[in-house]
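Here's the letter readout for the chains.
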Amino acid sequence: MRELEVLIVTHRRPETLKLTIASVTAEVRRAAISAHIKILLNGPDDTSREWLRAQSLEYFESPITLGPSAARNFLAKRSSAPWVLFLDDDCVLPEQFFVQFKKIVSERIPGAQAIGGPNLTPPGATPFEQACGQVLGHSFASLRSAWRYRENEEYFRCTDVELTSTHLFVRAEVIAKVEFPIEFQTAEENAFLHRVRQAGFHEIYYFGELFVYHERRKTWLAFAWQIFRYGRGRGQMVRDGFSFSWFHFVPAALVAMIVGSLFWPVATIAIVYGVLLLLYKVALVVATLTLTKAKGEGEYQAPWRAPLLFVTVHVAYVLGWWWGFVARSSPKTESTLS
């Protein structure tokens, strides 16, 4: 019987898909684990199809590009193993990845129901990509979500804040009762893990050593769009009534303060905003000086990028949060696949 099924959704990224599957295959052999890969071509993708066919890998095809939740649900419904691993198509597994997983579920936390860890900047990444990874792994940028990008060896019971679907292990009994919410275009894994806990599955764990290497955005615009989408998903979650932590309301509090300050005396506004701006600049300097590098990253070669990236994170996230809070995204959820 298969111990694990690896579920990958991909669309027109054959080069990264090849690297991902090569690393999965190598680590399956290393761990001597009984595993099977299932892939969904999420839209027309001739190049990937031909390669998968040549490799004799099991794949399905959707004639349209589904939303991320609908695509994952499609594969999850076709899984028959005790564990599934949702894996992005631009990840590379490090050595001992499945060895670590087997130790966790057999020795350390045998009752775990969902498991994840951080995604780190790949070896050989450009200085800009390294900077993006280092900034995302700092609490000044990501608060508790910095665990998603931070090299560490910690483990603890966690919530959706610390995990992503970049690589997420989920037990079959959880998948049987909980689906990814199809109304979400982004932050779908956060909403999914909320629903998992609501369904009575609370054994959700973060393991720092269970990391993958994950591609970073290559341009400033792509990085800003990534953060905007994170904010948009969280804003939608708050609007739709999902539970939240205090820091998820920071964007709302910030805008409320700005609007409220319009009724203050001009002199008061100048003083308050002057002090806040000074404190923010000091925080930028401190955060930049305390950046640390993760596995595969070189030394931080351009410190001037860090303050700009921190500001990009804060501005893009707030704008995305309000967009998600006010407007609903509309991912495609239906497929002609049977």
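This is a predicted model, so every value here is computed, not measured.

Moving on: the overall build of the chain. What the chain contains, in helices and strands, is 12 helices and 11 strands. Relative to its length of 338 residues, the chain is compact, with a C-alpha radius of gyration of 21 Å against a globular reference of 20 Å. Here the chain holds 338 residues, and 52% of them are scored as buried. Look at the contacts in the chain between residues 6 or more apart in sequence, and 79% of them connect residues 24 or more apart. Approximately 15600 Å² of the chain is accessible, and the part contributed by carbon and sulfur atoms is 61%. Here the chain holds 36 positive side-chain charges and 32 negative ones, and the gap between their average locations is 3 Å.

This part takes up the sheet that holds strand 11 (residues 212–214). In spatial order, the strands read 5-11-7; together these 3 strands make up an open sheet with mixed pairing. The sheet is open, and its two borders are formed by strand 5 (91–92) and strand 7 (119–120), each paired with just one other strand.

Where helix 5 (residues 127–136) meets helix 9 (residues 220–239), the closest approach of the two axes is 11 Å, and the angle between their N-to-C directions is 25°. Taken as axis vectors, helix 5 and helix 9 run roughly parallel relative to one another. The two elements helix 5 and helix 9 cross, and the hand of that crossing is right-handed. Every residue of helix 9 that contacts helix 5 at Phe128, Cys132 and Leu136 is listed here: Trp220, Phe223 and Ile227.

Attention now goes to the nonpolar core. Core analysis: the largest hydrophobic core is formed by 34 residues, its most contacted members being Val6, Phe98, Ile115 and Phe169. The set of elements that each furnish at least two residues to this core consists of strand 1 (4–10), helix 1 (14–31), strand 2 (35–42), strand 4 (83–87), helix 4 (97–108) and strand 10 (204–207). Ranked by residue count, the leading element in this core is helix 4, at 6 residues. Counting 26 residues, the second largest nonpolar core, distinct from the first, contains Leu7, Phe86, Leu163 and Val178.

Look at helix 12 (residues 305–326): 31 Å from first C-alpha to last across 22 residues, which is about the 32 Å you get at 1.5 Å a residue. Among the residues of helix 12, Arg305, Ala306, Leu309, Phe310, Thr312, Val313, Ala316, Val318, Gly320, Trp321 and Gly324 are the ones counted as buried.

It is worth spelling out the pattern of salt bridges at this point. Counted by the stated rule, this structure contains 22 salt bridges. Between Lys18 and Glu15 there is a salt bridge whose closest N-O contact spans 3.6 Å. Placement of the pair is Lys18 and Glu15 together in helix 1, with a separation of 3 residues, close to one helical turn. Overall, Lys18 belongs to the partly exposed group, its relative accessible area being 28%.

Moving on, we come to the side chain of Thr312. Within the fold, Thr312 resides in helix 12. Judged by relative accessible area, Thr312 falls into the buried class, the value being 15%. If we skip the residues at most four places from it in the chain, Thr312 touches Trp220, Phe223, Ala224 and Tyr317.

What counts, and at which threshold
- Residues numbered from 1 in each chain as written.
- Predicted model: local features only at pLDDT ≥ 70, side-chain atom pairs only at ≥ 80, totals over all residues.
- Heavy atoms only, no water.
- Helix = DSSP H or I, 4+ residues; strand = E, 2+ residues; numbered from the N terminus.
- Rg over C-alpha atoms; globule rule 2.2 N^0.38 Å.
- Buried < 20%, exposed > 50% of the residue type's maximum accessible area, 1.4 Å probe, protein only.
- Contact = heavy atoms within 4.5 Å.
- Areas by Shrake-Rupley, 256 points an atom, 1.4 Å probe, with all protein chains shown as cover.
- Lys, Arg positive; Asp, Glu negative; His and termini not counted.
- Charge placed at Lys NZ, Arg CZ, Asp CG, Glu CD.
- Pairing = 2+ DSSP bridges.
- Axes fitted to C-alpha atoms, helices over the stretch in contact; angles between N-to-C directions.
- Parallel < 35°, antiparallel > 145°, perpendicular 65-115°, else oblique.
- Left-handed = near helix turned anticlockwise from the far one by under 90°.
- Core = buried A, V, L, I, M, F, W, Y, C linked by side-chain atoms within 4.5 Å.
- Expected span 1.5 Å × (residues − 1).
- Salt bridge = Lys/Arg side-chain N within 4 Å of Asp/Glu carboxyl O.

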